[in-house]
There are 2 protein chains.
Amino acid sequence: MTATSAQGVTAPAGFEAAGVAVGLKSTGEPDVAVVVNRGPLAVGAAVFTSNRAKANPILWSQQAIADGVVEAIVLNSGGANCFTGSFGFQTTHQTAEKAAELLGISPGDVLVCSTGLIGTGDETFRAKVLTGTEDAISQLSADGGESAARAIMTTDTVPKTSTHTGDGWTIGAMAKGAGMLAPGLATMLVVLTTDAVLDAAEADAHLRAATRVSFDRLDSDGCMSTNDQVTLLVSGASGITPDPAAFGAALTEVCLDLAAQLQRDAEGASHDITIRVVGAVSEADAVEVGRSVARNNLFKTAIFGNDPNWGRVLAAIGTTQASFDPYAVDVSFNGVRLCSAGAPDRPREEVDLTPRATDVLIDLQAGDASATILTNDLTHDYVHENSAYSS
Amino acid sequence: MTATSAQGVTAPAGFEAAGVAVGLKSTGEPDVAVVVNRGPLAVGAAVFTSNRAKANPILWSQQAIADGVVEAIVLNSGGANCFTGSFGFQTTHQTAEKAAELLGISPGDVLVCSTGLIGTGDETFRAKVLTGTEDAISQLSADGGESAARAIMTTDTVPKTSTHTGDGWTIGAMAKGAGMLAPGLATMLVVLTTDAVLDAAEADAHLRAATRVSFDRLDSDGCMSTNDQVTLLVSGASGITPDPAAFGAALTEVCLDLAAQLQRDAEGASHDITIRVVGAVSEADAVEVGRSVARNNLFKTAIFGNDPNWGRVLAAIGTTQASFDPYAVDVSFNGVRLCSAGAPDRPREEVDLTPRATDVLIDLQAGDASATILTNDLTHDYVHENSAYSS
């Protein structure tokens, strides 16, 4: 059973969290979060943006996660600490050292995540992050999940958490991200926690399997962030070793729940578009076709205009290398097949695109594989939010 | 010397053209154009969209151009005749046959181009295209270049023509395209004419060389059309065999002139952005890097907001496979270097992005190759034009 819950990362046993405000955000909202794994296990796994332009916290966390041991994670909004030179890397390093000193652990077992404007990371930024780390650690509590979820918000309008209760074990989670949602993750910071008993290899395998079909298939605006990180922390405090299939399914369900929350809160969006590609020769083909549509600005603006413009779907999928005959494809909007076998089918007037939930079904008529991509429309509010404010 | 000229395709000797209105456009504006090559040569070359979802006129013209002989080209706006089934292909075939019959030539020497809404191509469309073909042929004239250029406009706000006077020979041209401008061409219909003496292989080689560095590097909104076609018609009427280098340079110049006109008239754009990538290991790397920026919606909205957001440039180029170190890259906006070697350089306040012409210089610091990509910003007007109207 997956449920949105204010508890979030502190829902499973063995975790404490806190979120505090130190002025990184001009609004005075909370901007530094810490999540601590009190064990008995100190297992961690993480996946990172595939963008080659990686922020300093990504460079740090990639090293820190190598041994599969994580005891704490520090996250800040209000500055990405990306392209801030060696000073910026030292800031991340000092953040891990500060947390380690206060928690009595090793700096190499502390992950760091940042989100905000690229190029932000001067001495003031450093001082505030260090102060925030100290403040948050002083306020750690076993019901601090909600305050942590609030502290990682940027243009998010709501905090995003999820929990799943398994057979004696629990998964908790928090996420942020409202823009730059893209493939291979996207300024998306996610922390998943569990009190199930897993070793580092199991945690890594479960995390990769779950993100591959959830966050990796959320492609709101095609723009990949420099700071994405999805982290799984394992306390083992339940003492229960879960059935692997059940745990895997539960973790995937939590990730899909968070992905849907991210989609619903995407910057300026007026439609949540589910692009289902079926009849593909391979899953990779289905993903490529779905992504090509999700990234097509003409398709995205048409949906904003409640126009079931199937021609733009076909023009988008025609740019892919996937195996199919463009003249054999069926395209349906909200259950109405508008194009079949290279010609118009039902009249587009039969489609009602006024609901926010939009379903686009593309049948490639070439095989048995399928994939689903989640995206959003391209709206005036998206242009406004991303042109009026630096982020 | 290249000049924008109302003469366009009829500037060189040996060509006649006309544009007429037959009601394909609801506005009553001209919508069918014919250009005829009166010889003595009947040489043609063409390049087509690389979109696998190709419109019927593309399927027809690809066959017709195979022998390098073209005597006429018929173009219509007000309907793309794409994904209109076998009926739509027959419409294109009948169009070529109608023109051939009236001109006393072979249908296989008539190219056809269409532009407008995908899925449009019913019996009414067919009747109007055939009537328009007949009307235009009855009005052919040696100064019909301007009326032809007007008849191929869709959301273009101005007709687009260009001429170049060489050493005894002339190149003329017309183009349409204001949206869907993209790589490998884009609902871009272009007809180039010349009275220079060229054989089919020379015409083809010159055309490919010129389009590769002009229309192929115009990437206004990343959306590739189903109907793009750039055609070169050679009459040889000047009797002059041009110096190959001079002719190639002139043809490239004309194509660049038209590409710039297309960029200036791109749907809803408020900035014409020139992305210059230097210091690349290869030209292909430079093109990949430039395109990744040109297609990044966060970059494009930032420019609309007059925000020199260099972080979004680095986040975009970090998604490429090109050879360079993301932490060694320099990025300049309108001559001000904002990022150098992975850290901020000059303050962004020094950049004035209010002029329409915007220059982004990316120095990869990895080699000696370079490329320039032309693009536009992402604006409210772009969203409005592409959401409020089907196209």
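Residues numbered from 1 in each chain as written. Chains lettered and ligands numbered in written order. Predicted model: local features only at pLDDT ≥ 70, side-chain atom pairs only at ≥ 80, totals over all residues. Heavy atoms only, no water.

Trainee: Help me understand the UniProt feature "binding site: substrate" (unreviewed entry) in chain A in this model?
Mentor: Residue and element names in this part refer to chain A. UniProt annotation of "binding site: substrate" (unreviewed entry) refers to T154, K176, T187, E267, N386 and S391 when read in the numbering used here. By relative accessible area, T154 is classed as partly exposed at 31%. Beyond its immediate chain neighbours, meaning those up to four positions away, T154 contacts S77, T115 and K176. (UniProt positions renumbered as here; feature names shortened; annotations may be inferred. Buried < 20%, exposed > 50% of the residue type's maximum accessible area, 1.4 Å probe, protein only. Contact = heavy atoms within 4.5 Å.)

Trainee: Even after reading the chapter, I still don't get the environment of D381 of chain A, so can you show me in this structure?
Mentor: As for its position among the elements, D381 of chain A is in helix α10 (residues 380–388). On a C-alpha basis, the gap between D381 of chain A and S270 of chain A in space is 8.7 Å, while along the polypeptide they are 111 residues apart. (Helix = DSSP H or I, 4+ residues; strand = E, 2+ residues; numbered from the N terminus.)

Trainee: Help me understand helix α5 (residues 200–212) of chain B in this model?
Mentor: Because each turn of an α-helix spans 3.6 residues, side chains separated by three or four positions in sequence point in the same direction. Residue and element names in this part refer to chain B. In this model, α5 (13 residues) spans 18 Å end to end at C-alpha, consistent with the 18 Å of a helix rising 1.5 Å per residue. Taken as a whole, α5 has its buried residues at A203, H206, L207, A210 and T211. Here the buried residues of α5 occupy an arc of 120 degrees about the axis, which is enough to place them on one side. In this fold, the buried residues of α5 make contact with β4 (43–48), β9 (189–194), β10 (229–234) and α6 (244–264). Its side-chain oxygen 3.1 Å from the backbone nitrogen of A201, D199 forms the N-cap of α5. (Expected span 1.5 Å × (residues − 1). Arc of directions from axis to C-beta. Polar contact = N/O pair within 3.5 Å; in protein donor to acceptor, adjacent residues only side chain to side chain.)

Trainee: What exactly am I supposed to notice about the sheet that holds strand β12 (residues 330–333) of chain B here?
Mentor: To summarise the sheet geometry, strands pair through backbone hydrogen bonds and adopt either a parallel or an antiparallel arrangement. Residue and element names in this part refer to chain B. Reading across the sheet, the 6 strands line up as β14-β13-β12-β15-β11-β16 and stay open at both edges, with mixed pairing between neighbours. If you trace the sheet from one side to the other, it starts and ends with β14 (343–344) and β16 (369–376), each paired once. Strands β11 (272–280), β12, β15 (357–363) and β16 of the sheet are contacted by helix α8 (residues 297–304), whose axis makes an angle of about 125 degrees with β11. (Pairing = 2+ DSSP bridges. Axes fitted to C-alpha atoms, helices over the stretch in contact; angles between N-to-C directions.)

Trainee: Help me understand the pattern of salt bridges in this model?
Mentor: Where charged atoms of side chains with opposite charge meet at close range, the side chains can pair. Here the structure, examined in full by the defined rule, presents 32 salt bridges over all chains. Of the charged contacts, one joins R208 of chain A and D204 of chain A as a salt bridge, the two residues approaching to 3.0 Å between their closest N and O atoms. With R208 of chain A and D204 of chain A both in helix α5 (residues 200–212) and 4 residues apart, the pair spans about one turn of that helix. Given the relative accessible area of 26%, D204 of chain A is considered partly exposed. Measuring nitrogen to oxygen at the nearest pair gives 2.6 Å for the salt bridge that ties D345 of chain B to R337 of chain B. Looking at R337 of chain B, the relative accessible area reads 36%, which means it is partly exposed. Among the ionic contacts, a cluster of salt bridges with common partners joins D156, K160 and D265 of chain A. (Salt bridge = Lys/Arg side-chain N within 4 Å of Asp/Glu carboxyl O.)

Trainee: I would appreciate a short explanation of the pairing of strand β10 (residues 229–234) of chain A in the present structure.
Mentor: Along a regular strand, successive side chains alternate from one face of the sheet to the other. Residues and elements named next belong to chain A. Where burial is concerned, most of β10 is hidden: 6 out of the 6 residues are buried. Neither face of β10 is open: one carries Q229, T231 and L233, the other V230, L232 and V234, and all of them are buried. Sheet topology note: the strand β4 (residues 43–48)/β10 ladder contains 6 bridges and is antiparallel. Within β10, the position partnered with V47 by the bridge is V230. Pairing geometry for strand β9 (residues 189–194) and β10, over 6 bridges, is parallel. The residue bridging V191 from the neighbouring strand is T231, located in β10. Once you follow β9 into α5 and on to β10, the crossover reads as right-handed. (Right-handed = clockwise from strand over helix to strand, strands pointing away.)

Trainee: Can you walk me through the packing of α10 of chain A against helix α10 (residues 380–388) of chain B in this structure?
Mentor: How two helices sit against one another is set out by the angle between their axes and by the gap between those axes. Put simply, α10 of chain A and α10 of chain B touch, their axes get as near as 9 Å, and they point 170 degrees apart. Between α10 of chain A and α10 of chain B, the angle is such that the two are roughly antiparallel. Counting all contacts with α10 of chain A, which are made through H380, V383 and H384 of chain A, the residues of α10 of chain B involved are H380, V383 and H384 of chain B. When grouped by side-chain class, the residues that make up the contact of α10 of chain A with α10 of chain B number 2 nonpolar, 4 polar and no charged. (Parallel < 35°, antiparallel > 145°, perpendicular 65-115°, else oblique. Nonpolar A, V, L, I, M, F, W, Y, C, P; charged D, E, K, R; others polar.)

Trainee: Looking at this model, I keep getting lost on the interface of chain A and chain B. Mind explaining?
Mentor: Put simply, an interface is often sized by how much accessible area is lost when its parts join up. Contacts between chain A and chain B engage 54 residues on the former and 54 residues on the latter. Buried surface at the junction of chain A and chain B, summed over both partners, amounts to about 4400 Å²; 57% is from carbon and sulfur atoms. Looking only at chain A, the three residues that lose the most surface to chain B are R52, F83 and L298 of chain A, adding up to 18% of its buried area. Counting every contact that joins chain A to chain B gives 0 salt bridges. The element that contributes the greatest number of residues to the side of chain A that touches chain B is α10 of chain A, accounting for 6 residues. Looking at the side of chain A that touches chain B residue by residue, the classes come out as 24 nonpolar, 24 polar and 6 charged. (Buried area = accessible area lost by both parts, 1.4 Å probe.)

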